[in-house]
Amino acid sequence: MKLVKNALGRMVPTDINGTPAVPFPGLGKHRPTGRKAGPPIPTCLDYPEDGDKTVPDLRAALEKCGIRDGMTISTHHHFRDGDLLANQLFATCAEMGLKDLVWFPSASFPCHEPLTKLMDSGVIHHIEGSLNGPLGDYCTAGKMRGLGVLRSHGGRWQAIQDGEVHIDIAVIAAPAADPFGNANGVQGPSACGSLYFALADSTYADKVIVCTDNLVTFPCVPWQIQGNNVDSVVRLERIGDPGKIVSGTTEVTRSPDRLYIAELTARFIRDSGIMRDGFSFQAGAGGTSLAFAVYLQEMMRAAGVKARFIRAGSNRHLVAMLEQGLTDYILDGQTFDLEGVRSMRDNPRHVATSPFTSYSFHGKGNFASMVDVVVLGATEVDVNFNANVVTHSDGRLRHGIGGWQNCMYARCTILSVPAMRDRLPVIVDEVTTLCAPGELVDVIVTELGIAVNPLRRDLLDAVKGKGLPVRAIQDIKADIERMCGKPARPGLTDNVVAAVKWVDGTVLDSVYQVPV
Amino acid sequence: MMATTVSAGRRGKDVRSDLWVELELRDSGGIDLQVNSKIDFMYGEANRKLAQDVLKALGVSNARVCIEDSGALPFVIMARIETAVRRAQPQRKIPEFLPDAGPSFGRPTTRDRWRRSRLYLPGNEPKFMLNARIHEPDAVILDLEDSVPPGDKDAALILVRNALRAVDFGDCERMVRINQLPGGMDELEPLALAGVNVILIPKCESADEVQAVDRHVAGILQKHHVKNDVFLIPIVETCEGMFEARRIARASRRVVALTYGLEDYVADLGGSKTQAGLESLWARSQAVNAAKAAGVQAIDTVFADVEDMAALEASCRAARELGFEGKGCIHPRQIPVVNSAFTPSAAEIEKAQKIVLAFEEAQARGRNVVCVGSKMVDPPVVQRALKTIELAVGAGRLNVDWDKQEDQ
């Protein structure tokens, strides 16, 4: 495989699964032109006049869509680790004798482990989407035939809109749907919140199948997914387990050390003056980021400060803030617990947003850059503030990018991370995998102190004399190495197994095969 | 030589920052070392070298050594291997091999320092020690007594000794609760050499016990030319101890505070622990009075429910009203509540300032009694106000020359 050095000095492929790829040229340097991609023109005459598009089962729906070997099939991840559709879907494809399919999920979870067997048997060629848990191991072991492609939520939308990825068939799990294909995620026994991670799929895919365990009589409102884009509707016994929407990354941490980091993060936001009337913030998934919002809430109440909006990942803590008048709005990309689902369904100020409005590179602006402060996690951060979120220090894929890269455009980006995890330093000389350029990372909060990016003189000045433990990142790293010892670099092979895209579709870094 | 196999430390899915080592001494063949670690890719080589160095320094040259590491830091690795070697050769005099001194090693303490919150840390559990300081307790208590099972007393002592040297405890006073005497006596030397600030004597029942510890500590400090002093806090936990509390508190100049243990005391009493706590009122009052009569601090027992912050706050308030100056903590989240409860509030500080200033003014005019608002202020009231101000200054809530600033 041919690799070239990109603007940040990382070696990246120029061809990804047969499609040419642009090496990252630096922030703001890539500006594609031309026209957006689009689906074929359908005609309503080809669909039943009575609006009933139901078919008996998945197999019938796939056959009706003309599925064949090598096609790209997409699903959404609103059920997180409780998704029951993708495994059924590809098991059906296997029964149909299909080969070399590409799975294009908006994210994958450990529950998708059975798909590794379908990659072994050739039903699935490769996955373009987050690769973690067993799928991540499969990829970094070098077993996947194609290259993994890791995109942010906004980057996935970008790839669909500029034609980098063409979805042949979108299969959308819907907690409520009518026979016409109108669907939403807020009603029914499997309610999961919004369905907007599947919105691009529904409008850009050649064919669209809605699967539901809760078929209602027309009209299904609100129609987050519009039936006018849908080819077939399938009734399934089960599509997801909403109890598992709350998977590992969405529980507030109980670790005293992590809570300390969360509280320190909230103090930074308060004492730097970012927390003021009418401000906005976003907290990522991950126990520490979630806990930060709990502390910030107390500080806002004490100071009598109200936010204009919160970007979410919503959960019960953010819902409580909305209901207690600590924010005017929640603009919500996905719900992290069932309280979030309830609020989105019942509260007009809890608004479902799509990755297009929130994050897309091909929009006329996006919300991410209008947020005052975002708090995220990371697996590693280096002394130049470059950050990693997909691999651990051993080079294994462990997490998806999610909205993480997109959020970096906030006015202040804070990474709240432990300085080390079980002796593995989190602050390092150089990240194993580069997922965000350091110039977008403003603050790193650890239990050993707060490092502010020297590019942010304004933030350094704002917190001067406020009693916060602000330190040079090199000093924090020195403390870690005194405790842990100087870390050795993991010995990775030079075989590229996945590519990390930046939000504009250019290639930021490569993920390498891990030695067995 | 008989091939006996010993082990030390812990392994398993839930174990973190620790390691398990199995050691089988042999007659020949050198060191056969196996290390299994999740972080082998990063610290495998360093760990193997460290293990070899420790074995060599401890005089082991032929052995099969099997290590399962769960992210242990070097001071833990050294402690666990040393424990295994000592278990394999209990009769041999084994040299010490100590970790490098960390930033807080050797920091001295003072008699009268702030001891509002003291965080108990199980002595055989490394992971809670590493970041204890960030929660800002006034002191950490590395516990060798009740939190350590009988079979691991040796391991805990070695780990605590290494932690006292290597772990950065910041500005926290470093305390160790030794085991009940006479066993605890043997623990004093390694602890004193590792720079412990305060020794807690559990289930203390007589002044003699305190004096025995005092003499032993003094001997160790003198013999090894240790320049930092080591202080004592007796813990009274029995009915007998309660009656002796007054003598215990004044048994040695090293005693800086007196505290008591409620669970053991109520068990000894044969009563039952109630919410109102009437069963221990006499004991608590006795402990405070014994401490104050001896001129040392009085510290309240721990509060067992780590979830109920409101009840903890009420318990702290009641303790402070009785005269206690601090409380033991068994979870980091209790620390801010305890610190705040034993620090004078803004309103209390303001009132104390008013009293002191009014009294100074009255004295300047030759009077010894004055009214502040509707209340009479006489010397004992002023003394309490001065104590409040001293605490406020200690907590950084008030400038040390506050009254002079007032004049300007």
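Residues numbered from 1 in each chain as written. Chains lettered and ligands numbered in written order. Predicted model: local features only at pLDDT ≥ 70, side-chain atom pairs only at ≥ 80, totals over all residues.

Secondary structure assignment for chain B yields 14 helices and 14 strands. In terms of overall dimensions, chain B has a C-alpha envelope of 90 × 50 × 45 Å along the principal axes. When contacts within chain B are restricted to residue pairs at least 6 apart in sequence, long-range pairs at least 24 apart make up 71% of them. (Helix = DSSP H or I, 4+ residues; strand = E, 2+ residues; numbered from the N terminus. Contact = placed C-beta atoms within 7 Å.)

We now examine the domain arrangement of chain B. We note that the domain assignment places domain 1 (5-88), domain 2 (117-341) and domain 3 (346-407) within chain B. A separation of 32 Å is found between the C-alpha centroids of domain 2 of chain B and domain 3 of chain B. (Domains from an automatic or database assignment.)

Let us now look at the sheet that holds strand 5 (residues 117-122) of chain B. Residues and elements named next belong to chain B. Ordered by their spatial adjacency, eight strands build a closed barrel running 5-6-7-8-9-10-11-12, and the pairing between neighbours is parallel. On average, each strand axis in the sheet is tilted by 25 degrees relative to the strand beside it, whichever way the strands run. Alignment of strand 6 (residues 139-143) against strand 7 (residues 173-177), held across five bridges, turns out to be parallel. Bridge pairing links D143 to R177 in strand 7. (Pairing = 2+ DSSP bridges. Axes fitted to C-alpha atoms, helices over the stretch in contact; angles between N-to-C directions.)

Approximately 25 degrees is the largest bend angle found in helix 1 (residues 40-57) of chain B, and it occurs at B:A46. Taken together, the buried positions of helix 1 of chain B are occupied by B:F41, B:M42, B:Y43, B:N47, B:A51, B:V54 and B:L55. Each element contacted by the buried residues of helix 1 of chain B is listed here: strand 24 (424-425) of chain A together with strand 3 (31-37), strand 4 (63-69) and helix 2 (74-88) of chain B. Two residues or fewer past helix 1 of chain B, B:G59 is found with a positive phi of approximately 80 degrees. (Bend = angle between axes of the 7 residues up to and from the residue. Buried ≥ 20, exposed ≤ 12 C-beta atoms within 10 Å, placed from the backbone.)

Contact with chain A, which involves 15 residues of that partner, is made by 17 residues of chain B. If you tally residues by element for the side of chain A that touches chain B, the top one is helix 7 (residues 256-271) of chain A, at three residues. When its residues are assigned to classes, the side of chain A that touches chain B shows eight nonpolar, two polar and five charged. (Nonpolar A, V, L, I, M, F, W, Y, C, P; charged D, E, K, R; others polar.)

Turning our eyes to something else, we now look at the domain arrangement of chain A. Residue and element names in this part refer to chain A. The domain architecture assigned to chain A consists of domain 1 (50-128 + 165-245) and domain 2 (249-489). Using C-alpha coordinates to define each centre, domain 1 is positioned 32 Å away from domain 2. Partitioned by chemical class, the residues of the side of domain 1 that touches domain 2 number 10 nonpolar, five polar and no charged.

It is worth spelling out the environment of B:P90 at this point. Residues and elements named next belong to chain B. Within the element layout of this structure, P90 appears in the loop between helix 2 and strand 5. Its 9 C-beta neighbours within 10 Å are what place P90 among the exposed residues. Along the primary structure P90 and V167 are separated by 77 residues, whereas in three dimensions their C-alpha atoms are 27 Å apart.

Another aspect to go through is the confidence of the model for chain B. Residue-level pLDDT values for chain B average 93, and 98% of them are 70 or greater. Both confidence scores are given for the complex: pTM 0.92, ipTM 0.88. (pLDDT = per-residue confidence, 0-100.)

So, on to the environment of A:F90. Residue and element names in this part refer to chain A. Mapped onto the elements of the fold, F90 is located in helix 2 (residues 85-95). As for F90 and W103, which are separated by 13 residues in sequence, their C-alpha atoms are 9.0 Å apart. Among all residues touching F90, those that are not within four sequence positions of it are L115, L118, V123 and I124.

Residue and element names in this part refer to chain A. Their axes nearest at 9 Å, the elements helix 8 (residues 287-303) and helix 9 (residues 316-323) cross at an angle of 25 degrees. By the angle class used here, helix 8 and helix 9 are roughly parallel. For helix 8 against helix 9, the interelement crossing comes out left-handed. Contacts from L290, A293, V294 and Q297 in helix 8 reach H317, L318 and M321 in helix 9. (Parallel < 35°, antiparallel > 145°, perpendicular 65-115°, else oblique. Left-handed = near helix turned anticlockwise from the far one by under 90°.)

All names here are of chain B. Read across the open sheet, the four strands follow the order 1-2-4-3; overall the sheet is mixed. Taken across any chain shown, the strands that pair with only one partner, and hence form the sheet edges, are strand 1 (5-9) and strand 3. Ignoring strand direction, the axes of neighbouring strands in this sheet form an average angle of 10 degrees. In this sheet, strand 2 (residues 19-25) lies alongside strand 1 in antiparallel orientation, the contact comprising five bridges. Along strand 2, the bridge assignment pairs A8 with V21. The sheet strands contacting helix 2 are strand 1 and strand 2, and the helix crosses strand 2 at an angle near 35 degrees.

Right, let's get into unusual backbone geometry. In most cases, non-glycine residues show a negative phi, while peptide bonds are predominantly trans. In this model, A:F218 is joined to A:P219 through a cis peptide bond whose omega is 0 degrees. Considering the arrangement of structural elements, one finds A:P219 in the loop between strand 13 (207-212) and strand 14 (232-235). Cis geometry is adopted by the peptide bond preceding B:P182, which originates at B:L181 and carries an omega value of 5 degrees. The backbone of A:R423 sits at a positive phi, close to 75 degrees, despite the residue not being glycine. You can see A:R423 is positioned in the loop between strand 23 (420-421) and strand 24. Assessed through the 26 C-beta atoms surrounding it within 10 Å, A:R423 is described here as buried.

With 271 residues, the main nonpolar core has A:I172, A:V210, A:C211, B:I199 and B:L258 as its most contacted residues. Excluding anything up to four places from it in sequence, A:V210 contacts A:I172, A:A174, A:A177, A:G181, A:A183, A:I225, A:V230 and A:V233. If you look at the next biggest cluster of nonpolar residues, it comprises 12 residues, including B:I355, B:F359, B:V377 and B:I389. (Core = buried A, V, L, I, M, F, W, Y, C linked by C-beta atoms within 7 Å.)

Our focus in this paragraph is the pairing of strand 7 of chain B. All names here are of chain B. With respect to burial, strand 7 is a largely interior element, five of its five residues being buried. Both faces of strand 7 are covered, namely the face carrying E173, M175 and R177 and the face carrying R174 and V176. Read from strand 6 through helix 4 (residues 153-166) to strand 7, the crossover connection turns out right-handed. Here strand 7 pairs with strand 8 (residues 198-201) via three bridges, running parallel. Paired with R177 across the two strands is L200, which belongs to strand 8. You can see the chain leave strand 7, run along helix 5 (residues 188-193) and come back into strand 8, and the turn it takes is right-handed. (Right-handed = clockwise from strand over helix to strand, strands pointing away.)

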